[in-house]
Amino acid sequence: MRLRSLLSGAAGLAAISAVLLTTSALHAEAPPPPVPSGTTPPPLHADTGGPTISPGLVAELQAKSRVRSIIQLKPGQSVEAVAADIEQSSGSRVLEKAQSPHFFVAVLDDTSLAKLKRDKRVHAVYKDELRWPSAGTGTTVIHSDQANKAGWTGRGTTVAVLDTGIDRDHPYFAGRIADEACFSSSDAVDGTVSLCPNSQPSQTGAGSADAETAQCLVGGLNACSHGTHVAGIASGKMVAGAPANGVAPESRILPIQVFSRVDNPMTCATGGTRAPCLLSYTSDQKLALEYVARMVRMYNIASVNMSLGGGGPYTSACDTDASAAAVKPEFDTLVSLGVAPVVAAGNQGFTNGVSAPACISTAVAVGATDNSDALASFTNRGALLDLLAPGVAITSAVTGNAYGDKSGTSMAAPHVAGMFALMKQAFPDFTVEQSLQRLQGTGRSIQYDAGGTLTATPRIDAERATADARATA
C-alpha cells in the first residue's frame, strides 16, 4: 500500500466512507455492534470505462479454445442478466454465478469474449489464475512479546487468514476460532478438486476450513499445513509445547480455505512441483474477500492475510494490469472498512519487484528478513514493499497438533497481519493508512540494493509502534 496512492485517493476513500455511513449504518472508527451475518457489505468500487481484458486471457485463448475466466461487472449491473446472455454463446459455459453480486465465473471462447468486449455492463474480464502459496519465532525480533506484556495482544479483534485451512483443534488456537469458510473450486479441465469438507465449491460455518480432511492427505502426509502455520504466527497463544505466543495471542482467527487440490501433473508442473499440489483460483479469493467484508463488523476484523501469489516482477503498482489486479475492488472495499489486506511479496528473489496481488496499491506488501535483520535471499524486494518482517525458519503450529519450521514471505506477512490487530486494539480510531504510516515510522529501516538503487524498507517493531497508545487512544 503506497502512501502516495493513499494520499491522492484520500478524498475518494472519504467519500466512500460517507456512503458507507449513510447506507449501511457503519462507523469505521468505533467498536462496532454485532450485525447479522447476512448483512450486505458496501458495493465494490469499479471504474466507469469500457471493459478491461486480461492479456493473459487473450494469450491463453490463442493456445486453447476455451479459458476459465472472471467477468467483473460495473456497479449496479445484474450478474444473472449478463450471465444469461453469455450462456447463449455456444462456446461458453457459466460455472458459478450465485455467490457474488459483483462477478461470475465462466469458460469463454473467442466469440463470447468478443461479445463481452462490447458489453457496457462489464468492467473487466480476467483469466481465473491459479496461485501458489508463497512458502525461535520472529516475535522476539519485532518485539511483539514486549507489546503483549504492555497489554497489546489483539484482544477484541480478528485476523482473517485466506490460505489452506486450519487445524481446528490445535491447542494453539483453542477457543479463538471466530468462524470458518471455504471457497474452493473444482474443474475437470484443470484437474482441480474442492477442499471444502462438503466437497462443494463453498461452505461456511464450523468445520468448513478444516485442514485435516482426506483430500489434504498426500502420501500419508498433510499437504494443508501452510494455513495453520500462518495463522499461528499471527494469532497463536502460548500453551505447553508451543514455541511462544504469536504476534496477537488474544485475537480471534477467521480461517478461510481458498485452495483446491490439483491432481493434473501438467498443471502442477507449471509451478515446478509434482501432482498432487495445492493451488488457489483468483475467483475463490474474490469470493473469500467478499465474505470477509460481510463479516467485518461482526468480528471487528483488523486484517486479512494472503500468503499467496505469483507472476511479476512488478516494479510499480499493477492496478491497471488486468493480469494482476483482479482482487483490487475487494481490497479497496476492505480498506474503506478499516481492514488491512496484508499480502506476501513473493519468494522469487526479484531484486526490484514483487508478485501479484502484492503489487496492488491498496495491498500491504510484505517482504522477509532473517532474525539478524538481513534480507532473506528468497524475498522479493524494491519500492513496492511496504514493510519487512521475519520470514526465515519461523516456528509455528502445523497440522496434527504439532509445531514446525517454515520459511518464506508467507511467514513474514502474518507477522504484519497480527501487528494490525495490535494496532486496532491500541489505536481503535486509526484508519489502515494511519496504522501503516505508524508502523513504517516506528520500524527499523533496512537498507538494500534494489535494481541498482539504494532502497530502505522498515522492519516492524511492535513495541515502538504501540509505545504511547494509551496517551493517544
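In case you missed it, the structure is sitting above this.
Sequence order sets the numbering: in each chain, residues are counted from 1 along the sequence as written. Under the rules for a predicted model, residues below a pLDDT of 70 receive no local features and side-chain atom pairs below 80 are neither given nor counted, while totals for whole chains, interfaces and linings still include all residues. Water and hydrogen atoms play no part in the side-chain values, which are based on all heavy atoms of the structure.

Caption draft 1: Spotlight on the overall build of the protein. Counting from the N terminus, the helices are the DSSP runs of H or I reaching at least four residues and the strands are the DSSP runs of E reaching at least two. When helices and strands are tallied, the protein shows 14 helices and 25 strands. Taken across its 473 residues, the protein has 58% of its residues classed as buried. The protein chains shown are the only cover counted for residues, whose accessible areas, like all others here, come from Shrake-Rupley with a 1.4 Å probe. When the accessible surface of the protein is split by element, carbon and sulfur atoms take 52% of a total near 17,200 Å². Each residue gets one of three labels from its accessible area relative to the maximum for its type: buried under 20%, exposed over 50%, partly exposed in between, using a 1.4 Å probe on protein chains only.

Caption draft 2: Region of interest: the pattern of salt bridges. Should a side-chain nitrogen of Lys or Arg be within 4 Å of a carboxyl oxygen of Asp or Glu, the pair is scored as a salt bridge. Under the definition given, this model contains 18 salt bridges. Between Arg68 and Asp187 there is a salt bridge, with its nearest N and O atoms 3.0 Å apart. Each member of the pair, Arg68 together with Asp187, is buried. Among the ionic pairs, Arg438 bridges to Asp468, the shortest N-O distance being 2.3 Å. Here Arg438, found in helix H12 (residues 432-442), pairs with Asp468, found in the loop between helix H13 (462-465) and helix H14 (469-472); they are 30 residues apart in sequence, far enough to count as distant. Among the charged side chains, a network of salt bridges with common partners joins Glu60, Lys64, Lys127 and Glu129.

Caption draft 3: View of the state of the cysteines. Counting rule for disulfides: a pair of cysteine sulfur atoms within 2.5 Å. Within this structure, the stated rule accounts for four disulfides. Bridging Cys182 to Cys196, the disulfide has an S-S length of 2.1 Å. Measuring handedness by torsion sign, the sulfur bridge of Cys182 and Cys196 sits at about -95 degrees and is left-handed. With Cys182 in strand E8 (residues 181-183) and Cys196 in the loop between strand E9 (192-194) and strand E10 (202-204), this residue pair connects regions lying 14 residues apart in the sequence. This pair shows no difference in class: Cys182 is buried, exactly as Cys196 is. Cysteine pairing for the protein (bonded cysteines numbered in sequence order): 1-2, 3-4, 5-6, 7-8.

Caption draft 4: Structural context of helix H3 (residues 55-63). Along H3, the residues classified as buried are Gly56, Leu57, Glu60 and Leu61. Within H3, the buried residues cover an arc of 135 degrees as seen down the axis, which keeps them to one side. Those residues of H3 that are buried are in contact with strand E1 (52-53), strand E2 (67-73), strand E4 (103-108), helix H5 (110-117) and strand E5 (122-127). N-cap assignment for H3: the residue whose side-chain oxygen lies 3.2 Å from the backbone N of Gly56 is Ser54. Regarding the arc, it is the one traced by the directions from the helix axis to the C-beta atoms. We call two residues in contact when some of their heavy atoms are within 4.5 Å. Definition of a polar contact: a pair of N or O atoms within 3.5 Å, with one able to donate and the other able to accept a hydrogen when the atoms are protein atoms, and with sequence-neighbouring residues admitted only if both atoms are side-chain atoms.

Caption draft 5: Just the nonpolar core, in detail. Core analysis: the biggest nonpolar cluster contains 57 residues, and Leu162, Ile256 and Ile301 have the highest contact counts within it. Per-element accounting of this core gives the leading share, nine residues, to helix H9 (residues 282-299). The contacts of Leu162, once residues within four sequence positions are left out, are Ile256, Val258, Gln285, Ala288, Leu289, Val292, Val304, Asn305, Met306, Ser307 and Leu308. The term nonpolar core refers to a set of buried residues drawn from Ala, Val, Leu, Ile, Met, Phe, Trp, Tyr and Cys, joined through side-chain atoms within 4.5 Å. Of all hydrophobic cores here, the second largest spans 49 residues; its members include Val159, Ala340, Leu422 and Ala469.

Caption draft 6: Structural detail: the pairing of strand E7 (residues 158-163). Burial of E7 is extensive: six of the six residues sit out of reach of the surface. Residues Thr158, Ala160 and Leu162 point to one face of E7 and Val159, Val161 and Asp163 to the other, with burial holding for every one of them. Here, a strand pair is defined by DSSP locating no fewer than two bridges between the strands. Inspection of the sheet shows E7 paired to strand E16 (residues 301-306) by five bridges, in the parallel sense. Of the residues in E16, the one forming a bridge with Leu162 is Met306.

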